[in-house]
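One-letter residues, chain by chain:
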Amino acid sequence: LNKKQVEVTFLKANGEKIKVKANVGDSLLDVVVNNSVDLDGFGACEGTLTCSTCHLIFSQSDFDQLPDKPTDEELDMLDLAYELTDTSRLGCQIILTETMDGLQVKVPATINDARG
Ligand code: FES
């Protein structure tokens, strides 16, 4: 395995920390799926920007360093997420880079499927 990997930690609302290895170039949704991270209902639309269940909360510094700004489509979807913060993004839109090693993201307590 010579693909570049980084470490990502998911912080669940109940205090549980799930640390996984992730491939650079994968989205945070891929990371959850590929590692079978136990987040109920996460990624319901499989990254097609129609659900908002992949809502994740970043630290301010991590958020500021994310390479891509959210698209209008992502912002529209984020508006439908519960517990929206200033440092919220949709995990399916965040592609891992080598500089994100050690990233920690908070998973909100409530996952809202905007598709109803
Ligand atoms: Fe549905 Fe990201 S997985 S918007």
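Starting afresh in each chain, residues are numbered from 1 along the sequence in its written order. Confidence filtering applies because this is a predicted model: local features only for residues at pLDDT of at least 70, side-chain atom pairs given and counted only at 80 or more, and all residues used for totals across whole chains, interfaces and linings. Hydrogens and water are ignored here; the side-chain numbers use all heavy atoms of the structure.

Q: Would you mind going over the pairing of strand β5 (residues 103-106) with me for this structure?
A: As a general feature of sheets, a regular strand has side chains that alternate between the two faces. Throughout, exposure labels follow a simple rule: accessible area from a 1.4 Å probe, protein chains only, divided by the maximum for the residue type, with under 20% read as buried, over 50% as exposed, and the rest as partly exposed. Segments assigned H or I by DSSP are reported as helices when at least four residues long, segments assigned E as strands when at least two residues long, and all are numbered from the N terminus. Along β5, the buried face is formed by Leu-103 and Val-105; none of Gln-104 and Lys-106, which line the opposite face, is buried. Looking at chain direction, strand β1 (residues 5-11) and β5 are connected through four bridges and run parallel. Pairing of Phe-10 across the sheet is with Val-105, part of β5. Relative to β5, strand β3 (residues 55-58) runs antiparallel, the two being bridged by two bridges. If you follow Ile-57 over to β5, its bridge partner there is Lys-106. Two strands make a pair as long as DSSP finds a minimum of two bridges between them.

Q: I keep staring at the nonpolar core and nothing clicks. Help me out?
A: Note that soluble globular proteins tend to have their nonpolar side chains buried in a common cluster. Here, the term nonpolar core denotes a set of buried Ala, Val, Leu, Ile, Met, Phe, Trp, Tyr and Cys residues that are joined through side-chain atoms within 4.5 Å. Counting residues in each nonpolar core, the largest one holds 28 residues, and the members touching the most others are Val-8, Phe-10, Leu-28, Leu-56, Phe-58 and Leu-96. Looking at this core, the elements with two or more residues in it are β1, β2 (17-23), α1 (28-34), β3, α3 (72-78) and β5. With four residues, the top contributor of residues to this core is α1.

Q: Is there a simple way to think about the side chain of Glu-74 in this case?
A: With respect to the helices and strands, Glu-74 occurs in helix α3. Separated by 2.7 Å, the side chains of Glu-74 and Arg-89 make a polar contact. Residue contacts follow a heavy-atom distance rule, with two residues in contact if any of their heavy atoms lie within 4.5 Å. Once you skip the residues sitting within four places of it in the chain, Glu-74 turns out to touch Leu-49, Arg-89, Leu-90 and Gln-93. Polar contact is the term for a pair of N or O atoms within 3.5 Å; when the atoms are in protein, one must be able to donate a hydrogen and the other to accept it, and sequence-neighboring residues count only if both atoms are side-chain atoms.

Q: What exactly am I supposed to notice about unusual backbone geometry here?
A: Excluding glycine, a negative phi dihedral is what most residues carry, and trans is how most peptide bonds are arranged. Here Ser-36, not a glycine, exhibits a phi torsion of approximately 45°, which is positive. Structurally, Ser-36 can be placed in the loop between α1 and β3. Phi at Ser-52 is positive, roughly 75°, even though this residue is not glycine. Within the secondary structure layout, Ser-52 lies in the loop between α1 and β3. Among the residues examined, Ser-52 registers a relative accessible area of 2% and is labelled buried.

Note that all results are geometric; they support no functional claim without further evidence.
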